[in-house]
Amino acid sequence: MSKIVETVRELARPLAEAAGCGLWDVEYHKEGGRWYLRVYIERDEGVSTEHCEQVSRALDPLLDEKDVVREENYILEVSSAGLERALKRPEHFEKSLGKQVTLSFYTPRNGSKEKSGTLEAYDGGVVTLDGERIDIKEIAKINLTFNWEGLTT
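Residues numbered from 1 in each chain as written. Predicted model: local features only at pLDDT ≥ 70, side-chain atom pairs only at ≥ 80, totals over all residues. Heavy atoms only, no water.

## A few points about the overall build of the chain
Looking only at helices and strands, the chain features three helices and eight strands. Ordering the α and β elements of the chain from the N terminus gives α-β-β-α-β-α-β-β-β-β-β. C-alpha extents for the chain along the principal axes are approximately 50 × 35 × 30 Å. Across the 153 residues of the chain, 39% fall into the buried class. Long-range pairs, those at least 24 residues apart, make up 54% of the contacts in the chain with a sequence separation of at least 6. Accessible area of the chain: about 9400 Å², with a carbon and sulfur share of 46%. Averaged over its 21 positive side-chain charges, the chain has a centre that lies 3 Å from the centre of its 29 negative ones. (Helix = DSSP H or I, 4+ residues; strand = E, 2+ residues; numbered from the N terminus. Buried < 20%, exposed > 50% of the residue type's maximum accessible area, 1.4 Å probe, protein only. Contact = heavy atoms within 4.5 Å. Areas by Shrake-Rupley, 256 points an atom, 1.4 Å probe, with all protein chains shown as cover. Lys, Arg positive; Asp, Glu negative; His and termini not counted. Charge placed at Lys NZ, Arg CZ, Asp CG, Glu CD.)

## What to know about the sheet that holds strand S8 (residues 139-144)
Strands sit in the order S7-S6-S5-S4-S8 across an open sheet of five strands; the sheet is antiparallel. Every interior strand has two partners, whereas the edge strands, strand S7 (132-135) and S8, have only one. Direction aside, the axes of adjacent strands within the sheet are offset by 45° on average. Bridge count for strand S4 (residues 100-109) against strand S5 (residues 112-123) is six bridges, and the pairing is antiparallel. What sits directly across from Thr 102, in S5, is Ser 116. (Pairing = 2+ DSSP bridges. Axes fitted to C-alpha atoms, helices over the stretch in contact; angles between N-to-C directions.)

## Notes on the nonpolar core
Counting 25 residues, the largest nonpolar core has Val 8, Val 39, Leu 59 and Leu 63 as its most contacted members. The greatest single-element share of this core, amounting to seven residues, is contributed by helix H1 (residues 2-18). Apart from the residues lying within four places of it in its own chain, the contact partners of Val 8 are Val 26, Leu 37, Val 39, Leu 59, Leu 63 and Val 68. (Core = buried A, V, L, I, M, F, W, Y, C linked by side-chain atoms within 4.5 Å.)

## A closer look at the side chain of Arg 9
Tracing the chain through its elements places Arg 9 in helix H1. Not counting the four nearest positions on each side in its chain, Arg 9 is found in contact with Leu 23, Asp 25, Val 26 and Arg 89.

## So, the packing of H1 against helix H2 (residues 49-66)
At a minimum axis separation of 9 Å, H1 and H2 run at an interaxial angle of 150°. Taken together, the axes of H1 and H2 lie roughly antiparallel to each other. Here the hand of the crossing between H1 and H2 comes out right-handed. For the pair H1 and H2, contact is made by Val 8, Leu 11, Ala 12, Leu 15, Ala 16 and Ala 18 and by Gln 54, Val 55, Ala 58, Leu 59, Leu 62, Leu 63 and Lys 66, respectively. Partitioning the contact of H1 with H2 into residue classes produces eleven nonpolar, one polar and one charged. (Parallel < 35°, antiparallel > 145°, perpendicular 65-115°, else oblique. Left-handed = near helix turned anticlockwise from the far one by under 90°. Nonpolar A, V, L, I, M, F, W, Y, C, P; charged D, E, K, R; others polar.)

## Some details on the confidence of the model for the chain
On average, residues of the chain score 92 in pLDDT, and 97% of them reach the 70 mark or higher. Within the chain, the element-level pLDDT minimum falls on helix H3 (residues 90-95), averaging 92, and the maximum on S8, averaging 96. (pLDDT = per-residue confidence, 0-100.)

Structure representation (structure tokens):
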């Protein structure tokens with residue numbers, strides 16, 4: 001399965017760039033009996049439905065031509081990585097230095113399963129959050145944090 005993700009990543013990256021975006025992540029999961037191939041794109045100014053559509057329309061026939069997913073039927077989804085996107089790869093951490101994040105621990109740490117703060121550093125599997133060094137192996141997930149307060153509807 002990781003071969004599928006890596007191949008799609010290689011195919012999707014130049015297509016995202018051609019649409020004026022960056023490639024954030026690729027996932028291939030089974031949910032409710034169906035396989036989903038999800039491609040997440042990002043752009044500092046925000047991702048529009050037109051960006052997603054442009055990448056999807058270019059990627060879909062390329063996936064068929066290259067026969068990337070051979071055994072299962074799947075649903076292709078191209079979307080924004082979102083404001084509170086997950087940080088998974090070293091480049092995600094590097095791009096997010098100085099930003100607010102929330103992380104969840106596998107087991108409670110100092111009496112809590114969550115911690116929020118500023119991502120100060122990422123060094124070979126160690127995250128520094130507000131001066132505290134935390135081994136990535138202790139972290140179940142880490143996401144950017146968007147400040148929703150002050151927004152009006």
